[in-house]
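The residues making up each chain are set out below.
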Amino acid sequence: MSDLSPQKLQMMAQMIEGRVVEDTRFEVTIKGTVLGFPATLQAIKAGWPFGVTYTLETQVIDDPNDPPREDALSMTISPRMTHGLMAFVARLLLFEPQGQHLQDRRMEKSFIFSFNNTMEAERFVKYPGVFENLLHLEEYAKFSEMVIKAHAGIVLSQPQNFNNLDPDVYRETFKLMGEVGQILFEAF
């Protein structure tokens, strides 16, 4: 028996001008829009130990004259769990991966990166507002992983289960993802 609240579902759907969707694969599916982009929140189960997944689609128009690029940015970002001297020890003992290097030390101190295109990845992390938005996302959402694909969108995994998800955190997470999505849409 689930303690999923229909009122909470409806309230959160309204926050993204959306609706609750029945999906047999997920106990929670909310679809809406954030800054004009299609947005979805999903959870396999509403309670512990299942987290939630946010999706923001930035490819809103499929242009047949614009074939998909093989070198389009695809990046995975995870927050660093350790900092300072402990980060060195954690990497030495293989508890935390070092990640791929970017030409941005402040980003590498806060996040672990994996990407397919170094030039595009460096351009993305240096783009105005990206660093601040990523820090705020880590602070508010406490995300475990974020996947960015230049010609698709953003997927963010949050270990917090839906039943305990704070509506303000939910709203702020989608707002910040929308700002990053706007950068992807306009510049990548």
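What comes next is a walk through the structure. What you see is a predicted model, and the numbers here were worked out from it, not measured in a lab.

Rules used throughout
- Residues numbered from 1 in each chain as written.
- Predicted model: local features only at pLDDT ≥ 70, side-chain atom pairs only at ≥ 80, totals over all residues.
- Heavy atoms only, no water.
- Buried < 20%, exposed > 50% of the residue type's maximum accessible area, 1.4 Å probe, protein only.
- Helix = DSSP H or I, 4+ residues; strand = E, 2+ residues; numbered from the N terminus.
- Pairing = 2+ DSSP bridges.
- Salt bridge = Lys/Arg side-chain N within 4 Å of Asp/Glu carboxyl O.
- Expected span 1.5 Å × (residues − 1).
- Polar contact = N/O pair within 3.5 Å; in protein donor to acceptor, adjacent residues only side chain to side chain.
- Core = buried A, V, L, I, M, F, W, Y, C linked by side-chain atoms within 4.5 Å.
- Contact = heavy atoms within 4.5 Å.

Some words on the pairing of strand β4 (residues 52-57)
Side chains Val-52, Tyr-54 and Leu-56 project from β4 onto a buried face, and the interleaved Thr-53, Thr-55 and Glu-57 project onto a face without burial. In terms of strand pairing, strand β3 (residues 37-43) meets β4 through four bridges, oriented antiparallel. Each bridged residue has a counterpart across the sheet, and for Leu-41 the counterpart in β4 is Tyr-54. Here β4 pairs with strand β8 (residues 153-158) via six bridges, running antiparallel. Bridging from a neighbouring strand, Tyr-54 pairs with Leu-156 of β8.

Regarding the pattern of salt bridges
Taken as a whole, this structure holds five salt bridges when the rule is applied. Across the salt bridge formed by Arg-171 and Asp-168, the nearest N and O atoms sit 3.7 Å from each other. Of this pair, Arg-171 and Asp-168 are both found in helix α6 (residues 167-187), three residues apart, which corresponds to roughly one turn of the helix. In this structure Arg-171 comes out as partly exposed when scored by relative accessible area, which is 43%. Among the charged side chains, a salt-bridge network with shared partners connects Glu-172, Lys-175 and Glu-179.

With respect to α6
If you check α6, its first and last C-alpha atoms are 30 Å apart, about what 21 residues at 1.5 Å a residue would give, namely 30 Å. Taken residue by residue, α6 has Tyr-170, Thr-173, Phe-174, Leu-176, Met-177, Gly-178, Val-180, Gly-181, Ile-183, Leu-184 and Ala-187 as its buried positions. Capping the start of α6 is the job of one residue whose side-chain oxygen sits 2.7 Å from the backbone nitrogen of Asp-168: Asp-166.

With respect to the pairing of strand β5 (residues 74-79)
In summary, the side chains of a regular strand alternate between the two faces of the sheet. In this sheet, strand β7 (residues 145-149) lies alongside β5 in antiparallel orientation, the contact comprising four bridges. Residue Ile-77 lies in a different strand from β7, and its bridge partner there is Met-146. Here β5 pairs with strand β6 (residues 111-115) via five bridges, running antiparallel. Bridging across to β6, Ile-77 finds its partner in Phe-113.

Thoughts on the nonpolar core
With 49 residues, the main nonpolar core has Ile-30, Leu-41, Phe-124 and Phe-162 as its most contacted residues. The dominant element in this core, judged by the number of residues it contributes, is α6, at eight residues. When sequence neighbours within four positions are dropped, the list of residues in contact with Phe-124 reads Leu-73, Met-75, Val-130, Ile-148, Val-180, Leu-184 and Phe-188.

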